[in-house]
Amino acid sequence: MRNVPQSTSSRLLQLLNYLQSQPVWSGPDLVTLLGVTDRTLRKDIERLRALGYPVDATRGPGGGYRLGRHGQLPPLLLSDDEAVAVAIGLGNARTAPGLADASASAMAKLERTLPDRLQRRVRAIDASTEVGPANTTTNEPEAPVDPDLLAQLAAAISGREGVRFTYDGGDRPVTADPYRLVSWQHRWYLVARRHPEREWRVFRADRMRLRFPGAARFTPEPLRQGDYASFVLREVASTGWTFHARVLIDAPAEAVLERINPAVGVVETVDDHHSVLVTGADSVETVAVWIGMLGIDFHVTEPPELVEHLRVLAGRYQRSVP
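Calculation rules
- Residues numbered from 1 in each chain as written.
- Predicted model: local features only at pLDDT ≥ 70, side-chain atom pairs only at ≥ 80, totals over all residues.
- Heavy atoms only, no water.
- Salt bridge = Lys/Arg side-chain N within 4 Å of Asp/Glu carboxyl O.
- Helix = DSSP H or I, 4+ residues; strand = E, 2+ residues; numbered from the N terminus.
- Buried < 20%, exposed > 50% of the residue type's maximum accessible area, 1.4 Å probe, protein only.
- Patch = residues over 30% accessible without salt bridge, like charges linked within 9 Å, V, L, I, M, F, W, Y side chains within 5 Å.
- Areas by Shrake-Rupley, 256 points an atom, 1.4 Å probe, with all protein chains shown as cover.
- Lys, Arg positive; Asp, Glu negative; His and termini not counted.
- Charge placed at Lys NZ, Arg CZ, Asp CG, Glu CD.
- Core = buried A, V, L, I, M, F, W, Y, C linked by side-chain atoms within 4.5 Å.
- Contact = heavy atoms within 4.5 Å.
- Pairing = 2+ DSSP bridges.
- Axes fitted to C-alpha atoms, helices over the stretch in contact; angles between N-to-C directions.
- Phe/Tyr/Trp six-rings, centres within 6.5 Å; stacked < 30°, edge-to-face > 60°.
- Polar contact = N/O pair within 3.5 Å; in protein donor to acceptor, adjacent residues only side chain to side chain.

Here we take up the pattern of salt bridges. Under the criterion given, the structure shown has nine salt bridges. Between Glu 221 and Arg 198 there is a salt bridge, with its nearest N and O atoms 3.6 Å apart. Pair noted here: Glu 221 is in the loop between β7 (208–211) and α8 (228–240) and Arg 198 is in the loop between β5 (187–194) and β6 (199–204), with a separation of 23 residues, a long-range link. Judged by its relative accessible area of 44%, Glu 221 falls in the partly exposed class. Taking the shortest distance from any N to any O, the salt bridge between Glu 268 and Arg 246 comes out at 3.1 Å. A residue pair is termed long-range when its members are at least 10 positions apart, and Glu 268 in strand β9 (residues 265–271) and Arg 246 in strand β8 (residues 243–249) qualify at 22 residues. Looking at Arg 246, the relative accessible area reads 42%, which means it is partly exposed. Salt bridges sharing partners connect three or more residues here, namely Asp 177, Arg 193, Arg 198 and Glu 221.

As structure tokens, then:
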């Protein structure tokens with residue numbers, strides 16, 4: 001991604017972030033960090049004040065700029081339940097690769113802007129809560145989340161601006177009109193209409209590398225019924241996995257559907273006593289777990305990797321009992 005000149009708005013956010021991170025900053029230090037002149041810094045301070053942020057300036061040894069009275073922001077007006085909800089959300093976000101540091105920093109800032117009573121409540125939630133592994137449905141490593149990429153995609157969706165990107169390590173740019181970001185199992189997906197055929201497609205965000213400039217603005221033609229999350233689940237189940245399998249099940253389709261999450265795959269009727277589960281995952285181990293949890297007899301003939309893995313599992317399970 002190419003470097004672009006820092007806009008005034010992004011510089012103000014960066015300045016505000018510095019002011020929140022410690023009680024007092026000297027002018028020269030802020031000038032150096034932001035890469036601006038003394039005059040620009042003073043103008044940015046005035047812009048923050050105009051937006052309602054209480055930035056104090058002090059003179060003399062140890063002087064500088066500080067945020068709010070005694071270097072603190074005024075209390076953030078949240079209800080008890082709202083404060084707890086935000087704390088729980090930030091705690092859960094720590095398990096997402098790429099978001100751990102940002103979540104911890106946001107939690108610290110949240111605490112500083114809450115009244116004392118809510119500070120104690122939020123700290124108690126944070127200190128007494130642990131979050132288990134976010135994705136236990138696969139043995140594949142988690143894909144790191146890039147907050148900047150998600151923000152740029154969200155901005156393109158909001159601004160109805162097309163995007164250009166390379167995908168899955170390829171060199172040929174893809175152009176598409178972005179419509180929605182969908183988060184599922186700590187992975188992020190972009191639902192978009194790809195050019196030139198304008199077909200609906202699902203792209204994994206961690207496999208995208210944005211190219212600049214982007215594409216032209218577009219007039220939205222939303223997905224019929226507007227259920228982008230269900231569209232992602234269907235697309236991933238049918239085409240998005242690394243491994244796919246067709247499994248013959250010794251049970252009618254209705255019985256299989258009662259036992260699986262729709263995201264696992266598609267069930268096709270064969271006859272009154274048999275059906276086919278079309279499924280997949282990022283590894284054959286995960287597919288084996290899913291079909292093993294059905295609790296119904298099944299038959300697998302492909303892919304070869306899954307057949308071999310089931311043979312290994314069968315021998316392992318047989319050897320585990322006397």
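Now that the structure is up, let's keep going.
With that settled, consider a negative patch on the surface. Residues Glu 254, Glu 258, Asp 271 and Asp 272 make up a contiguous surface patch of negative charge. Note that Asp 271 resides in strand β9. Look at Asp 271 and you get partly exposed, because its relative accessible area is 36%.

Ranked by size, the top nonpolar core spans 35 residues in total, and within it Ile 249, Leu 277 and Leu 306 carry the most contacts. Breaking this core down by element, the ones donating at least two residues are β4 (174–184), β5, α8, β8, α9 (253–257), β10 (274–281), α10 (284–292) and α11 (304–319). Ranked by residues supplied to this core, first place goes to α10 with five residues. Apart from the residues lying within four places of it in its own chain, the contact partners of Leu 277 are Ala 245, Arg 246, Val 247, Ile 249, Ile 260, Gly 265, Val 266, Val 267, Ile 291 and Leu 294. Core analysis: the second largest hydrophobic core is formed by 18 residues, Ala 96, Leu 153, Phe 165 and Ala 205 among them.

Turning our attention to the sheet that holds β4. Strands sit in the order β6-β5-β4-β3-β7 across an open sheet of five strands; the sheet is antiparallel. A single partner strand is all that each edge strand has here, and the edge strands are β6 and β7. The average angle at which neighbouring strand axes cross in this sheet is 45°, direction not considered. One ladder, built from six bridges, connects β5 with β6; its direction is antiparallel. Looking at β6, one finds that Arg 194 is bridged to Glu 199.

This brings us to the packing of aromatic side chains. Counted according to the given criterion, the structure contains seven aromatic pairs. Aromatic side chains Trp 200 and Tyr 228 sit 6.2 Å apart centroid to centroid with 65° between the ring planes, which places their arrangement in the edge-to-face category. Taken together, the residues Trp 200 in strand β6 and Tyr 228 in helix α8 connect sequence positions 28 residues apart. Note on Tyr 228: relative accessible area 5%, which makes it buried. An aromatic cluster of at least three residues, connected via ring pairs, comprises Tyr 179, Trp 200, Phe 218 and Tyr 228.

Let us now look at the environment of Tyr 228. Sequence spacing of Tyr 228 and Ala 192 is 36 residues, and the spatial spacing of their C-alpha atoms is 10.0 Å. In this structure Tyr 228 touches Tyr 179, Arg 180, Val 182, Val 191, Trp 200, Pro 222 and Leu 223, once residues within four positions along its chain are discounted. A distance of 3.2 Å separates a polar side-chain atom of Tyr 228 from the backbone nitrogen of Leu 223.

Right, let's get into the pairing of strand β3 (residues 163–167). Remember that side chains alternate between the two faces of the sheet whenever the strand is regular. Here β3 runs beside β4; their pairing, made up of three bridges, is antiparallel. Each residue of the ladder has a partner; that of Val 163, found in β4, is Ala 176. Turn length for the β3-β4 hairpin, with the two strands adjacent in sequence and antiparallel, is six residues, and the turn residue Asp 168 shows positive phi of about 55°. Pairing of β3 with β7 involves four bridges; the strand directions are antiparallel.

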